[in-house]
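Chain residues, written in single-letter form:
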Amino acid sequence: MDHMITVQNLTKRYESFTAVDDISFTLSPGTVTGFLGPNGAGKSTAMRIMTGLTPPTSGTATILGKPYAELPNPGRQVGVLLDASAQHAGRTGREVLALGAMVMGLGKARVDEMLDLVGLTPDEARRRLGHYSLGMRQRLGIAPALLGDPEVLVLDEPANGLDPQGIHWMRGLLKGFAEQGGTVLLSSHLLHEVEVVADQLILIGRGRIVRQGSKAELLAGSGTTANALDRDALVMALQHAGLAADVTPSGSVRSSATTEEVSRAALDAGLVLTELRGADGAGLEEMFLQLTSSDSREGAVA
Amino acid sequence: MTTTTVHPPDQPTNPPLDPVSDRDLARTPAPSAPHPPGIPFARLIAVELRKMLDTRSGRWLLIAIGVVTIVVVGFVLFASRPQDLTLSTFVTGTATPQTLLLPLLGVLAVTSEWGQRNALVTFTLEPRRLRVMLAKLVGSMVLGTVAIAFAFLIATIGNGLGILLRNGDGSWALGAASIGGVVLSQLLWVAQGIGFGLLFGSTAVAIVSYLTLPTAWAIVGSMVTSLSTVSQWLDLSRAIEPLVAGQMSGISWAHLGVAAGLWVILPILVGSWRMMRREVK
C-alpha cells in the first residue's frame, strides 16, 4: 500500500460558507503529518469527512485504499480521536475502553494495557469522565484510538489541554508509532506542538491548503532572522543590497536571503549584528503566522 | 512504560516485533488477511445493551420501572375488592406504568448518543449506522422483554398474596391471547420510543412529543365526531386496547397495523433516514 490516506479535491460547503475548499494530499506509511491551521480553518471538518462522519460536497477521501465507511472493522485499522470530550460523562474511563474493546472484538487485557500506556491509575480509571481534568480526558482520549492496534491514526488536536510533560509523552508515543511503520495525521493550531514530531506539514487556512511538504523543505525556504544595534539601518542596508527585508512582530528583521548575504550586507554598511540565524522553529512559526494570517478568519492567529 | 505495544498489525516492512508485541498479537489476533472480518451483529446488540445499562440514567430508568411495577401491584393488592383480585387484574395493573416508562428505554438508547456526542465514537467504530440503529432497536426490545417478564412475575406474586392475605378471587386464568397481546403492545411502545428518539434527536423533545402527540390526537379524535372513524385507524392507544384485552379480530388487526405504521414504523423510517444522512459533530 503506497498511500495510507488519500484525499482528493475534497470540498465541503455549508450554504454560502466553504469549510473545506478543494484540498488534496497523500500520506505514506511510517510518517507523521502535522495538519496545521488556525481555529476554524477546516481541519476538523476535513478529518470528519475522512472518517465518514460528514458527507463531503465533492471529492473523495480514502484510508487504506477504501472510503472509511467501507472498512469492515475500522477500529482495528484506523485509530480516531476527534474530540476527547465526546464521551458520555457518566461512564468511567475503564468502561469507555471496555466498550471500544467489545466493539472491536478485543479482550479485557488490552483495556488494562491501554490504561497503563496512557498512564491512568486503576483508581482514576474507575472514576466517571465527568470528574476528569482536561488533561486526563485527553490522555484517555488517545487510548481508544490505539486500542485496536491500528495502522493509521487520525487525531484532531490530541495535545489540546495536555501539560508540557503530556505533550512530550504524546510526541514519544507518535514517534514510536511511526517508527513501527504506522501513519499519523494530527492536527493542531499550534506549530510548536507538532513541529518536533512531524515529518510533513500541511498548512491550511480558510479551508484551503496554503503550503504542504516535508518539514525540511518548508524550513529551507524560510530565510534568515537577524537583528542589529541599529535595526532600521539594517533594514535599509538589506534593501540597498537588493534583499527583501521586513520587521517581524517580535522585533527582528526577517529576510528571504541566506545568512551569508545578510551578514555581508551588514558588514558593508558597518553594522553590528546582535542576532543572525537561519530559519529554525521560530522561523517556521513566523512563516506559519504569515501563511495563515491572510487566510484565517480572524485576520490574524489569536 | 513503552510505546512498543503500538504497531501496525500486518505490515510486511515492519522491523521484527519485540516479545511484548508478539504477546499482544497473540492475545488480540490481528487479521493476517487484508480484509479483517466485520463486526458481528450479535456483538453490536451486546454493546448497545451494555450502553443502556452502564450509565446512571439507564440504570435508574430500569430501577424505576421495577419499583413502579412493584408499587402498582401492591396498590392493586390492597386497594381492590377481594373478588377482583385475579392475575388478569394484576397484569393489567402493571401494564399501565410500563406503557409510560418502557418507551423511554428506546428514546434514551438513541438520544444519549447525540446529547453526549457519543455518536462521534459510535459511528467511527461502526460506520454502517443502520446496523447500529437496528442493534439499538433489538437491544431495547430485549430489555423491554425482561421488564415485561418481571411484570408478569410480580403480578403472579401479587395474585398469590391476594389469595393468602385478602382471600382474593385468585383466578390464574390468563389467555395466551392476552399474554401475547400485552407483550406485543409493550414492544410496540418501545419501538415507538426508538422512532421518536431517531426522529427528534434530543431526549427532551422526543419524550415530550411521545407523551403529548398521540394523546393530543386521541383527545381530538374523541371530541370531534367526524374524526371518530378515522381515529379508530390512526389512534395507536385505541388500536392497542383490544390487543391487550386479547380480543383481536380481523378489523382490529387492520386498525393496529395502520396505527402502528403511522406512530411506530413511519417515525423509525424517517428517523433512520435522517440519522443516516446527518452530519456527526
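Here goes a summary of the coordinates provided. Nothing here was measured: the structure is a model prediction, and the numbers come from that model. (Residues numbered from 1 in each chain as written. Chains lettered and ligands numbered in written order. Predicted model: local features only at pLDDT ≥ 70, side-chain atom pairs only at ≥ 80, totals over all residues. Heavy atoms only, no water.)

Quick notes on the nonpolar core
Burial of nonpolar side chains together is a common tendency in soluble globular proteins.
Stage number 1. In terms of nonpolar packing, the biggest core is built from 80 residues, with A:Leu97, A:Ile142, A:Leu153, A:Leu155, A:Leu174 and A:Val184 touching the most fellow members.
Stage number 2. Tallying contributions element by element places helix 4 (residues 87-115) of chain B first for this core, with eight residues.
Stage number 3. Every residue in contact with A:Leu97, bar those within four places of it in the chain, is listed here: A:Val111, A:Met114, A:Leu115, A:Leu140, A:Ala143, A:Pro144 and A:Leu147.
Stage number 4. Membership of the second largest hydrophobic core comes to 57 residues, among which are A:Phe25, A:Ala41, A:Val152 and B:Met275. (Core = buried A, V, L, I, M, F, W, Y, C linked by side-chain atoms within 4.5 Å. Buried < 20%, exposed > 50% of the residue type's maximum accessible area, 1.4 Å probe, protein only. Helix = DSSP H or I, 4+ residues; strand = E, 2+ residues; numbered from the N terminus. Contact = heavy atoms within 4.5 Å.)

What about unusual backbone geometry?
Stage number 1. Positive phi is not limited to glycine here, since A:Arg206 has a value of about 50°.
Stage number 2. Looking at where A:Arg206 falls in the secondary structure, it is placed in the loop between strand 8 (200-205) and strand 9 (208-214).
Stage number 3. Its relative accessible area of 45% is what places A:Arg206 among the partly exposed residues.
Stage number 4. A positive phi angle, close to 60°, is found at B:Arg117, a residue other than glycine.
Stage number 5. Among the secondary structure elements, B:Arg117 is positioned in the loop between helix 4 and helix 5 (119-125).

Brief notes about the pattern of salt bridges
Residue and element names in this part refer to chain A.
Stage number 1. Counted by the stated rule, this structure contains 18 salt bridges over all chains.
Stage number 2. Close ionic contact of Arg 208 with Asp 21 constitutes a salt bridge, the shortest N to O distance being 3.2 Å. Highlighted residues: Arg 208 in strand 9 and Asp 21 in strand 2 (residues 17-27), separated in sequence by 187 residues.
Stage number 3. The exposure class assigned to Asp 21 is partly exposed, which follows from its relative accessible area of 21%. (Salt bridge = Lys/Arg side-chain N within 4 Å of Asp/Glu carboxyl O.)

Things to note about the packing of aromatic side chains
Stage number 1. In this structure the tally under the stated criterion is five aromatic pairs over all chains.
Stage number 2. Measuring from ring centre to ring centre gives 5.7 Å for B:Phe196 and B:Phe200, while their planes differ by 55°; the resulting arrangement is tilted. On the criterion of helical spacing, the pair formed by B:Phe196 and B:Phe200 is a turn pair, its members being four residues apart in helix 7 (residues 176-200).
Stage number 3. Residue classification places B:Phe196 among the buried positions, given a relative accessible area of 3%.
Stage number 4. Residues B:Phe196 and B:Trp263 carry aromatic rings whose centres are separated by 6.5 Å and whose planes lie at 20° to one another, so their mutual orientation is stacked. Here B:Phe196 is found in helix 7, whereas its partner B:Trp263 is found in helix 11 (residues 250-277), with 67 residues between them in sequence. The residues B:Phe196 and B:Trp263 share a single accessibility class, namely buried.
Stage number 5. Here a set of aromatic residues connected by ring pairs shows up, and it is made of B:Phe196, B:Phe200, B:Tyr210 and B:Trp263.
Stage number 6. Against the face of A:Tyr14 rests A:Lys12, its NZ or CZ located 5.1 Å from the ring centre.
Stage number 7. For the cation-ring pair, B:Arg278 lies above B:Trp114, with the distance from its terminal atom to the ring centre recorded as 3.6 Å. (Phe/Tyr/Trp six-rings, centres within 6.5 Å; stacked < 30°, edge-to-face > 60°. Lys NZ or Arg CZ within 6 Å of the ring centre and 35° of its normal.)

Considering empty space enclosed by the protein
Stage number 1. Enumeration over the complete set of coordinates arrives at seven cavities of 30 Å³ or more.
Stage number 2. Quantified by volume, the largest cavity comes out at close to 450 Å³.
Stage number 3. If you go around the largest cavity, you meet 34 residues; those closest to its centre are A:Gln87, A:Pro144, B:Val121, B:Thr122 and B:Leu125.
Stage number 4. Class assignment of the residues belonging to the lining of the largest cavity gives a composition of 20 nonpolar, eight polar and six charged.
Stage number 5. The space that makes up the second largest cavity amounts to roughly 140 Å³.
Stage number 6. Along the wall of the second largest cavity there are 15 residues; nearest its centre are B:Lys51, B:Met52, B:Leu108, B:Ala109 and B:Ser112.
Stage number 7. The element contributing the most residues to the lining of the second largest cavity is helix 4 of chain B, with five residues. (1 Å grid on protein atoms, 1.4 Å probe; cavity = no way out; pocket = protein on both sides within 12 Å on 5 of 7 lines; lining within 4 Å. Points joined across faces, edges and corners; volume = space filled by probe spheres on them. Nonpolar A, V, L, I, M, F, W, Y, C, P; charged D, E, K, R; others polar.)

Overview of the packing of helix 4 of chain B against helix 8 (residues 203-223) of chain B
All names here are of chain B.
Stage number 1. Following both chains from N to C, one finds helix 4 and helix 8 inclined at 150°, their axes separated by 10 Å at the closest point. As far as their axial angle goes, helix 8 and helix 4 are roughly antiparallel. At the point where helix 4 passes helix 8, the crossing takes the right-handed sense. Mapping the contact onto sequence places Thr 99, Leu 100, Pro 103, Leu 104, Val 107, Leu 108 and Thr 111 in helix 4 and Thr 203, Ala 206, Ile 207, Tyr 210 and Leu 211 in helix 8. (Axes fitted to C-alpha atoms, helices over the stretch in contact; angles between N-to-C directions. Parallel < 35°, antiparallel > 145°, perpendicular 65-115°, else oblique. Left-handed = near helix turned anticlockwise from the far one by under 90°.)

Comments concerning the sheet that holds strand 11 (residues 246-247) of chain A
Residues and elements named next belong to chain A.
Stage number 1. Strand order in this open sheet of four strands is 11-12-10-13, and the pairing throughout is antiparallel. The strands lining the two open edges of the sheet, one partner per strand, are strand 11 and strand 13 (273-278).
Stage number 2. By the bridge criterion, five bridges tie strand 10 (residues 224-228) to strand 13 in an arrangement that is antiparallel. Its bridge partner lying in strand 13, Ala 226 is registered against Leu 276.
Stage number 3. Helix-sheet contacts for helix 10 (residues 259-268) involve strand 10, strand 12 (253-255) and strand 13, and the interaxial angle to strand 13 is about 160°. (Pairing = 2+ DSSP bridges.)

On their own, these measurements won't tell you what the molecule is for.
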